[in-house]
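So the chains spell out like this:
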Amino acid sequence: MTNILLEKEMKKYIRATKRFLDCPKNYRDMFIQEMEHDLTQFIQENDSVEMADIINYFGTPQELARTYLDCVPEKDMRDYALKKKFYSNITKIIIGVTILSTVIILSLIIYNAHELEQMHIYESIKTIEENIE
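Summary of the structure given here. Numbers given for residues are sequential positions, taken from 1 along each chain in its written order. For this predicted model, a pLDDT threshold of at least 70 governs which residues receive local features, and a threshold of 80 or more governs which side-chain atom pairs are given and counted, while totals over whole chains, interfaces and linings are taken from all residues. Side-chain measures here rest on the full set of heavy atoms in the structure, leaving out hydrogens and waters.

Remarks on the packing of helix H1 (residues 3–20) against helix H4 (residues 61–69)
- Only the stretch in contact is used when a helix axis is fitted, and all axes are lines through C-alpha atoms; the angle between N-to-C directions ranges over 0 to 180 degrees. Strands are runs of DSSP state E lasting at least 2 residues, helices are runs of H or I lasting at least 4, and numbering of each runs from the N terminus. Between H1 and H4, the shortest axis-to-axis distance is 8 Å and the interhelical angle comes to 45 degrees. By the angle between their axes, H1 is oblique relative to H4. Handedness of the crossing formed by H1 with H4: right-handed. Here Tyr13, Ala16, Thr17 and Phe20 of H1 lie close against H4, whose contacting residues are Pro61, Gln62, Leu64, Ala65 and Leu69.
- Three classes are used: nonpolar for Ala, Val, Leu, Ile, Met, Phe, Trp, Tyr, Cys and Pro, charged for Asp, Glu, Lys and Arg, and polar for all others, with Gly counted as polar. Partitioned by chemical class, the residues of the contact of H1 with H4 number seven nonpolar, two polar and no charged. To sort the angles, those under 35 degrees are grouped as roughly parallel, those over 145 as roughly antiparallel, those from 65 to 115 as roughly perpendicular, and the leftovers as oblique. With the far helix as reference, a near helix turned anticlockwise by less than a right angle produces a left-handed crossing, and one turned clockwise produces a right-handed crossing. Note on contacts: a residue pair qualifies if any of its non-hydrogen atoms lie within 4.5 Å across the two residues.

The structure is reproduced here in structure tokens:
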């Protein structure tokens, strides 16, 4: 495999692994940095490496991420999960409030438009009545 093709495949492999790293950012960044170093070292130490060799040695992105996540302290993972859940709930609340506000504002706009139309009709009837007299 050419170096350029292998480099592209490695970038995909790293991105795929990163997607499976559901952990605190500092752990994820540290692991990605170590993984890039290990991959580079593996390629330098072995002749004509192909992507299949990398997967055989390191595992699939999901396997590699799972192995790493097993090493992250349980307390840090729990804290991360709580923080993630908290921000998810806050996001849901913000979206709900935004939707509710939008509905209320649109209702007021429609109501005011209807009131203006009614007022215009009333004035038109009044004008017609005055012209008839």
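After presenting the structure, the write-up continues.
Points about the packing of aromatic side chains
- Pairing of aromatic side chains requires ring centres within 6.5 Å, counting the rings of Phe and Tyr and the six-membered ring of Trp. Pairs whose planes differ by under 30 degrees are stacked, by over 60 edge-to-face, and all others tilted. In total, this model carries five aromatic pairs according to the counting rule given.
- On the numbers, 4.6 Å between centres and 25 degrees between planes, the contact of Phe42 with Tyr57 is stacked. Here Tyr57 lies in helix H3 (residues 51–58) and Phe42 lies in helix H2 (residues 25–45), a separation of 15 residues in the sequence.
- Here a set of aromatic residues connected by ring pairs shows up, and it is made of Phe42, Tyr57 and Phe58.

Considerations on a nonpolar patch on the surface
- A patch consists of residues whose relative accessible area exceeds 30% and which take part in no salt bridge; residues with like charges are grouped when within 9 Å of each other, and nonpolar side chains (Val, Leu, Ile, Met, Phe, Trp, Tyr) when within 5 Å. Values of accessible area rely on a 1.4 Å probe in the Shrake-Rupley scheme; residue burial ignores everything except the protein chains shown. Salt bridge, as applied in this entry: a Lys or Arg side-chain nitrogen positioned within 4 Å of an Asp or Glu carboxyl oxygen. A cluster of nonpolar side chains, Phe86, Tyr87, Ile90, Ile93, Ile94 and Val97, forms an exposed patch at the surface whose accessible area comes to about 590 Å².
- In this structure Tyr87 comes out as partly exposed when scored by relative accessible area, which is 47%. Exposure categories follow from relative accessible area, calculated using a 1.4 Å probe and restricted to protein chains: below 20% of the type maximum is buried, above 50% is exposed, and the middle band is partly exposed.

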